[in-house]
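Next come the chains, spelled out residue by residue.
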Amino acid sequence: MNDAASGPASQPSERLSRAFRVFGRVGFWVQFVFLIVVAILGLYVFSITGARARAGNLLAFLGLAIPLFTTFWCWRYARFGRTLAVDPEDVAPGAPARTAWIGVWAGTFGVVVSLLSLFGAASALLVVMLANPQVGIQVSPATAGASAYTISAVDAVSIISLVLTLTAELLVVAISLRLVFLAAAVARQPAA
């Protein structure tokens, strides 16, 4: 009789636990792969260009602190799902929602930073291209009073890194919002 009574009540908890584990693993591995790609591209380009990288490019790569946190947070989702599966009574009633909301806010912050960096990088490329309206990409030499206009591989890698980071952050926001929804659904159900 006790098993029958705990069956329906534990089913939402099991679903929530499974969702945290699955979404946590997916989010972790997608972000981990993107971070590796960004690191490899960054190391390759910075080894070629050395100190010639612009401040905006360096800031784009330093902006990886947010995806590092959200990658860790997705790993924490999976760990939290395992804890929820092993002993659901050990988890505080609002813990699933709090955990998911932290992911939502961290991912949203990452999206905002990535978008601002992306707009800055795209604006810089636009300024250079508007200053050199010829067909194709022209690299102009420095003149007496103006600095040289250049478009380098660092600019392209910076934009690719920002797009990959933005994609990963949007994934975290989507996963976290789904987990918030599931946690709220479990919290709304009456205790048996």
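Residues numbered from 1 in each chain as written. Predicted model: local features only at pLDDT ≥ 70, side-chain atom pairs only at ≥ 80, totals over all residues. Heavy atoms only, no water.

## With respect to the overall build of the chain
Consideration 1: A tally of regular secondary structure across the chain gives 5 helices and 0 strands.
Consideration 2: Helices (α) and strands (β) of the chain occur, in sequence order from the N terminus, as α-α-α-α-α.
Consideration 3: Within the chain, buried positions represent 36% of all 192 residues.
Consideration 4: Long-range pairs, those at least 24 residues apart, make up 82% of the contacts in the chain with a sequence separation of at least 6. (Helix = DSSP H or I, 4+ residues; strand = E, 2+ residues; numbered from the N terminus. Buried < 20%, exposed > 50% of the residue type's maximum accessible area, 1.4 Å probe, protein only. Contact = heavy atoms within 4.5 Å.)

## Re the side chain of glutamate 169
Consideration 1: Along the chain, glutamate 169 falls in helix H5 (residues 153-188).
Consideration 2: For the buried glutamate 169, which has no salt bridge, the nearest side chain bearing the opposite charge is arginine 76, at an N-O separation of 16 Å.
Consideration 3: Those residues within four positions of glutamate 169 in sequence are excluded, and the remaining contacts are Gln31, Ile66, Pro67, Thr70, Ala106, Gly107, Gly110 and Val111. (Lys, Arg positive; Asp, Glu negative; His and termini not counted. Salt bridge = Lys/Arg side-chain N within 4 Å of Asp/Glu carboxyl O.)

## Some details on the packing of aromatic side chains
Consideration 1: Counted under the stated rule, the structure contains 10 aromatic pairs.
Consideration 2: Here the aromatic rings of phenylalanine 69 and phenylalanine 72 are separated by 6.5 Å at their centres, their planes lie at 50°, and the arrangement is tilted. Taken as a pair, phenylalanine 69 and phenylalanine 72 lie in helix H3 (residues 65-86) at a separation of 3 residues, close to a single helical turn.
Consideration 3: Classification of phenylalanine 69 as partly exposed rests on a relative accessible area of 35%.
Consideration 4: What makes phenylalanine 72 partly exposed here is its relative accessible area of 38%.
Consideration 5: Between phenylalanine 69 and tryptophan 73, the ring centres sit 5.5 Å apart and the planes meet at 25°, which makes this aromatic pair stacked. With a gap of 4 residues between them, phenylalanine 69 and tryptophan 73 both fall in helix H3, about one helical turn apart.
Consideration 6: An aromatic cluster of at least three residues, connected via ring pairs, comprises Phe69, Phe72, Trp73 and Trp75. (Phe/Tyr/Trp six-rings, centres within 6.5 Å; stacked < 30°, edge-to-face > 60°.)

## Details of the environment of proline 93
Consideration 1: Note that proline 93 resides in the loop between H3 and helix H4 (95-131).
Consideration 2: You can call proline 93 exposed: its relative accessible area is 80%.
Consideration 3: Spatially, the C-alpha atom of proline 93 lies 7.3 Å from that of alanine 187, the residues being 94 residues apart in sequence.

## Remarks on the confidence of the model for the chain
Consideration 1: Across the chain, the average pLDDT comes to 76, with 71% of residues at or above 70.
Consideration 2: The weakest mean pLDDT in the chain belongs to helix H2 (residues 55-62) at 62; the strongest belongs to H3 at 90.
Consideration 3: Ignoring residues within four places in sequence, the model shows residues 1-6, a span with pLDDT below 50, making 1 contact including any to other chains. (pLDDT = per-residue confidence, 0-100.)

## With respect to the environment of glutamine 11
Consideration 1: Within the secondary structure layout, glutamine 11 lies in helix H1 (residues 2-49).
Consideration 2: Once the C-alpha coordinates of glutamine 11 and valine 186 are considered, the two residues, 175 residues apart in sequence, prove to be 9.3 Å apart.

## Some details on a nonpolar patch on the surface
Consideration 1: A cluster of nonpolar side chains, contributed by Trp29, Phe32, Ile36 and Ile40, occupies part of the molecular surface with about 410 Å² of accessible area.
Consideration 2: Within the secondary structure layout, isoleucine 36 lies in helix H1. (Patch = residues over 30% accessible without salt bridge, like charges linked within 9 Å, V, L, I, M, F, W, Y side chains within 5 Å. Areas by Shrake-Rupley, 256 points an atom, 1.4 Å probe, with all protein chains shown as cover.)

## Overview of the nonpolar core
Consideration 1: Judged by nonpolar contacts, the single largest core of 19 residues is most densely connected at Leu16, Phe20, Tyr77, Phe80, Ala100 and Leu179.
Consideration 2: Broken down by element, the residue count for this core peaks at 6 residues, all from H5.
Consideration 3: Apart from the residues lying within four places of it in its own chain, the contact partners of alanine 100 are Phe20, Tyr77, Ser176, Leu179 and Val180.
Consideration 4: Membership of the second largest hydrophobic core comes to 6 residues, among which are Val111, Ala121, Leu162 and Leu166. (Core = buried A, V, L, I, M, F, W, Y, C linked by side-chain atoms within 4.5 Å.)

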